[in-house]
Amino acid sequence: MEIQNFSQLLIFGSFIGLLGWTITNQVGRTQLQVKSREDWLLDGTGLTIQGIFIPLLQATLVYWLYQHLLPTQQGCLKISLVPAFIISFVIVDYLYYWNHRLLHTKLFWKVHQVHHTVSQMDVLGTSRNTLWTSLLIIYLWIHTLFLYLLADPTGYLLGVSLTSALDLWRHSYLIIPESSWLYQFLSPWLILPQDHAWHHCREVHNYNYGANLKIWDKLHGTYYESKKLPFIIGIPSSLNLFQKLFFPFP
């Protein structure tokens, strides 16, 4: 219970901190002021789904599903903290890389496109999606599976919470200056907000699929590097609000 509380606190604290920075920063404050009512609704709905309904779904229906499919395997994985963290932060990150690439294929793009209508990098747009898109993202299923199988999920939960906090950060406008020592340390291996901004660029959004680590994009030739931020973020969409929320098919 303590590690679950810490995990929730880290994610919620990251969101509040980034939102507070956005409000106090002139550029971020301007971005919030020009956000349309539709964008506010899409972003607020997405955050509610991701922050409340998905965790409830994991703790109830998905967990119940694994109890019936794997009735004798609950708590069967006896792994220490560090390997469990690596599974969550590294191995699941690689699975997500391919999951994300799949969402950009012709077959699944329509159910992911709403996320790419975000026209400015701010933390509120992190979870913008069609309401049921989360069902197609591996986090819902694989996180619940490992939490069911692990005898001690502490390390795994730490990886989950850190990944979620980084997800909020990389969708924000909190850019690390290129001249700083922190940038020099993180840039070679971690997906930064400026890297993910290029994933949302209108012209080159088929790059930088990774969530945590750059190694997957570099390994598979999908890494795009630039010292500048993209000029135009987000794709135009002819979908109405109902389509964006429920049925993203023109």
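So, a few notes on the structure that sits alongside this text. Predicted, not measured: the structure shown is a model, and the values here were computed from it. All chains use their own residue numbering, which begins from 1 and follows the written sequence. In view of the model being predicted, local features appear only for residues whose pLDDT reaches at least 70, and side-chain atom pairs are presented and counted only at 80 or more, with totals across whole chains, interfaces and linings using the full set of residues. No hydrogens and no water enter the side-chain calculation; it runs on all heavy atoms of the structure.

## Considering helix α3 (residues 37-69)
Phase 1: Two axes enter the definition of the bend at a residue: one is fitted to the seven residues ending there, the other to the seven starting there, and the bend is the angle between them. Secondary structure follows DSSP: runs of H or I at least 4 residues long count as helices, runs of E at least 2 residues long count as strands, and numbering of each begins at the N terminus. At Gln 58, α3 shows its largest kink, close to 40°.
Phase 2: We call a residue buried when its accessible area falls under 20% of the maximum for its residue type, exposed when it is over 50%, and partly exposed in between, using a 1.4 Å probe and counting protein chains only. Here α3 has its buried residues at Asp 39, Leu 42, Asp 43, Gly 46, Ile 49, Ile 54, Gln 58, Val 62 and Tyr 66.
Phase 3: Every residue pair with non-hydrogen atoms within 4.5 Å of one another is taken to be in contact. Buried residues along α3 sit in contact with α6 (138-149) and α11 (241-245).

## Re helix α4 (residues 81-103)
Phase 1: The end-to-end C-alpha distance of α4, which contains 23 residues, comes to 31 Å, matching closely the 33 Å that a straight helix rising 1.5 Å per residue would cover.
Phase 2: At Asp 93, α4 is bent by approximately 35°, the largest bend along its length.
Phase 3: When we look at burial in α4, the residues that qualify are Ala 84, Ile 87, Ser 88, Phe 89, Val 92, Asp 93, Tyr 96, Tyr 97, Asn 99, His 100 and Leu 103.
Phase 4: Among the structural elements, α5 (109-112), α6, α7 (154-170), α9 (193-199) and α10 (215-220) are those in contact with the buried residues of α4. Given a helix with a known number of residues, its expected span is that number minus one, times 1.5 Å.

## Some words on the nonpolar core
Phase 1: Residues Val 123, Trp 169 and Leu 192 are the most contacted members of the largest nonpolar core, which totals 19 residues.
Phase 2: Elements supplying a minimum of two residues to this core: α1 (2-24), α4, α7 and α8 (181-186). Nine residue types can take part in a nonpolar core, namely buried Ala, Val, Leu, Ile, Met, Phe, Trp, Tyr and Cys, and a core is a set of them joined through side-chain atoms within 4.5 Å.

## Regarding the side chain of His 112
Phase 1: Within the secondary structure, His 112 is located in helix α5.
Phase 2: According to the relative accessible area criterion, His 112 is buried, its value standing at 5%.
Phase 3: Here His 116 takes part through its side chain, which lies 3.3 Å from a polar atom of the side chain of His 112.
Phase 4: Beyond its immediate chain neighbours, meaning those up to four positions away, His 112 contacts His 100, Leu 103, His 104 and Asn 129. Counted as a polar contact is a pair of N or O atoms within 3.5 Å, where, for protein atoms, one must be capable of donating a hydrogen and the other of accepting one, and residues adjacent in sequence contribute only when both atoms are in side chains.

## Observations concerning the pattern of salt bridges
Phase 1: Salt bridge, as applied in this entry: a Lys or Arg side-chain nitrogen positioned within 4 Å of an Asp or Glu carboxyl oxygen. Enumeration according to the criterion identifies 7 salt bridges in this entry.
Phase 2: As a salt-bridge pair, Arg 128 and Asp 39 come within 3.4 Å of each other at their nearest N and O atoms. With Arg 128 in the loop between α5 and α6 and Asp 39 in helix α3, this pair connects stretches of sequence that are 89 residues apart. With respect to burial, Arg 128 and Asp 39 carry one shared label: buried.
Phase 3: Residue Asp 167 pairs with Arg 170 through a salt bridge whose shortest N-O separation is 2.8 Å. Residue Asp 167 and its partner Arg 170 are both found in helix α7; the two are separated by 3 residues, about one turn of the helix.
Phase 4: Note on Asp 167: relative accessible area 22%, which makes it partly exposed.

## Quick word on unusual backbone geometry
Phase 1: At Asn 208, a position not held by glycine, the phi torsion is positive, near 55°.
Phase 2: Mapping Asn 208 onto the fold places it in the loop between α9 and α10.
Phase 3: Take Asn 208: its relative accessible area is 0%, and that puts it in the buried class.

## Notes on the packing of α6 against α7
Phase 1: It is the contact of α6 with α7, at a shortest axis distance of 10 Å, that shows an interaxial angle of 155°. When the interaxial angle is binned, α6 and α7 end up roughly antiparallel. As α6 runs across α7, the sense of the crossing is left-handed. The residues of α7 that touch α6, namely those facing Tyr 139, Ile 142, His 143, Phe 146 and Leu 147, are Tyr 156, Leu 157, Val 160 and Thr 163.
Phase 2: Considered class by class, the residues forming the contact of α6 with α7 number 7 nonpolar, 2 polar and no charged. The axes used here are C-alpha line fits, helices contributing only the stretch in contact, and every angle between their N-to-C directions lies in the interval 0 to 180 degrees. When describing relative orientation, an angle under 35 degrees is termed roughly parallel and one over 145 degrees roughly antiparallel, while 65 to 115 degrees is termed roughly perpendicular and anything else oblique. A crossing counts as left-handed when the near helix is turned anticlockwise from the far one by less than a right angle, and as right-handed when that turn is clockwise. Residue polarity follows a fixed list, in which Ala, Val, Leu, Ile, Met, Phe, Trp, Tyr, Cys and Pro are nonpolar, Asp, Glu, Lys and Arg are charged, and the others, Gly among them, are polar.

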